[in-house]
Amino acid sequence: MVMASAVSSNVVVLVGAVFLASAVEMVEALTIVVAVGYTQSWRSALEGSAVALLSLGALVALVGPALVHFPIDVLRLIVGAVLLIFGMQWLRKAILRSTGLKAKHDEDAIYQQTVATLSTGTSSTPRDRMAFVLAFKGVFLEGLEVVIIVLTLGTSARHLSLAALAALAALVVVGVVGVIVARQLSKVPENAMKMTVGVLLVSYGTFFGGEGLKIRWPGGDTMLIVLVAIYAVVTWLFVARLRVLAASEPAVAP
Amino acid sequence: MKASSSWALRVVRGFARFWWDLLVGDTPELFVAVLLIIGVVALASLTGHDNMLAVILLPTLSVAALGASVHRAWRGLRRR
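About the cut-offs
- Residues numbered from 1 in each chain as written.
- Chains lettered and ligands numbered in written order.
- Predicted model: local features only at pLDDT ≥ 70, side-chain atom pairs only at ≥ 80, totals over all residues.
- Heavy atoms only, no water.
- Helix = DSSP H or I, 4+ residues; strand = E, 2+ residues; numbered from the N terminus.
- Buried < 20%, exposed > 50% of the residue type's maximum accessible area, 1.4 Å probe, protein only.
- Areas by Shrake-Rupley, 256 points an atom, 1.4 Å probe, with all protein chains shown as cover.
- Lys, Arg positive; Asp, Glu negative; His and termini not counted.
- Charge placed at Lys NZ, Arg CZ, Asp CG, Glu CD.
- Contact = heavy atoms within 4.5 Å.
- Buried area = accessible area lost by both parts, 1.4 Å probe.
- Salt bridge = Lys/Arg side-chain N within 4 Å of Asp/Glu carboxyl O.
- Polar contact = N/O pair within 3.5 Å; in protein donor to acceptor, adjacent residues only side chain to side chain.
- Nonpolar A, V, L, I, M, F, W, Y, C, P; charged D, E, K, R; others polar.

### A short note on the overall build of chain A
- Across its full length, chain A carries eight helices and zero strands.
- Listed N to C, the secondary structure of chain A is α-α-α-α-α-α-α-α in terms of helices and strands.
- When the 254 residues of chain A are sorted by exposure, 50% land in the buried category.
- Roughly 11,700 Å² of accessible area belongs to chain A as shown, and the carbon and sulfur atoms make up 71% of that amount.

If you want it as C-alpha cells, here you go:
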C-alpha cells in the first residue's frame, strides 16, 4: 500500500514536472511563431515550425533508445547534475521576478524582438526565408530543452513513454490555448509555472544525483515529495526575505 | 570538401554554444557550485560510507548555492 502510493506520487511529480516545463518552453516557442505569422507569413511560420518538430522527432528517435542502454547510476548522476543546474537557474529567475527585481514576462519582449528582427531584414535575406528561419530556430531551440527534460527525467525515472505523453499533452494544451488567445500569451502565469518547475527540477536533480552517488534515501521514492516540500518552503522564504529587503530599500531599481 | 568541413565546424560550435548557454549562461556560479556539491557529497557517500551525512549535505548545499546565487543577483541589481 505504502509502496503503491510512493510509486504513484513519484509518477504524479514526474508528469507534473514534464508537463509544466514543456508548457513554459512551448509558450516561448509559440510566441515567436505567432510574431512571425502575424507580421510576416503564416505559411513560413508554420513550415519552419513543422520542419523543427520533424528534426526534434528524428533527434529523439536517434538519442532516446541509446540512453536506455546507458548505465543507470552514471545516467542518474549526470541527469541529477544537469537538473540541479537547470532547476536552480529557473528558481533564481522566478524568485527575482516574484520580488519585482526582474520583469515578470518574457513573452512581450520576445514578441517585440522577433518583430524588430523581421522589420530590419536585409535585402540579401528574403523575408519569407527569414520568417522560416526564425520560426524554425524558435521551435527547435525551445523544443530541444523539452526533449532534454523528457529524455533525462523519463529515462532516469524509467517512465520515458509517460514523460513523452506529458510533453505531448503540454503541446496540445499550449497549441489550443495559443490558437484561442494568440497575441495575449503574456497573460499566461509564466512566473508561477517557472517557480513550480524550478522546485520540481531541483527536487528531481537532488534525488537522482543522490541515487547516482549511491545515497540510500530514507523512505525511498517518498523522499522526492519531502524534497519538493523542502525546496518549496525555502523558495517561499527567499521570496519573503527579498520582498522585505526590497521594501526597505527604495533606491533599488524596479 | 571545404564547404562541408566548415558546415560541420559550424554545427559543432553551435552545439557547444547551446550547451554552454544552457548550463553556464549568466549563472556560472551555479554550474561551479553543483560540481562542488557533487564532489563533496561523493566524498561523504562513496569514500566515507556516511549515508546520513550525504542525505543532509546534498539538499543543504543546494539550498546554500541557490541562496548565494540569488544574493549575488540581488547585489548586482542594487548596484544598477
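That shown, we press on.
### A short note on the overall build of chain B
- The helix and strand tally for chain B stands at three helices and zero strands.
- Reading chain B from its N terminus to its C terminus gives the helix and strand order α-α-α.
- Along the first, second and third principal axes, the C-alpha atoms of chain B reach 55 × 40 × 10 Å.
- The burial tally for chain B puts 36% of its 80 residues in the buried class.
- Accessible surface, chain B: about 5,200 Å² in total, of which carbon and sulfur atoms supply 70%.
- Charge centroids of chain B, computed over 9 positive and 4 negative side chains, lie 14 Å from each other.

### Remarks on the interface of chain A and chain B
- Contacts between chain A and chain B engage 36 residues on the former and 33 residues on the latter.
- Taken together, both faces of the contact between chain A and chain B bury some 3,200 Å²; the carbon and sulfur share is 81%.
- Per-residue buried area on chain A facing chain B is highest for Met88(A), Arg92(A) and Leu213(A); these three make up 22% of the total on that side.
- The salt bridge partner of Glu29(B) is Arg92(A), with a shortest N-O separation of 3.8 Å.
- Applying the counting criterion to the chain A and chain B interface returns five residue pairs in polar contact (both at pLDDT 80 or more).
- For the side of chain A that touches chain B, the secondary-structure elements that each account for two or more residues are α3 (72-98), α5 (127-156), α7 (190-212) and α8 (223-248) of chain A.
- For the side of chain A that touches chain B, the element with the most residues is α3(A), which contributes 12 residues.
- When its residues are assigned to classes, the side of chain A that touches chain B shows 27 nonpolar, four polar and five charged.

Function cannot be read off these values alone, since they describe shape.
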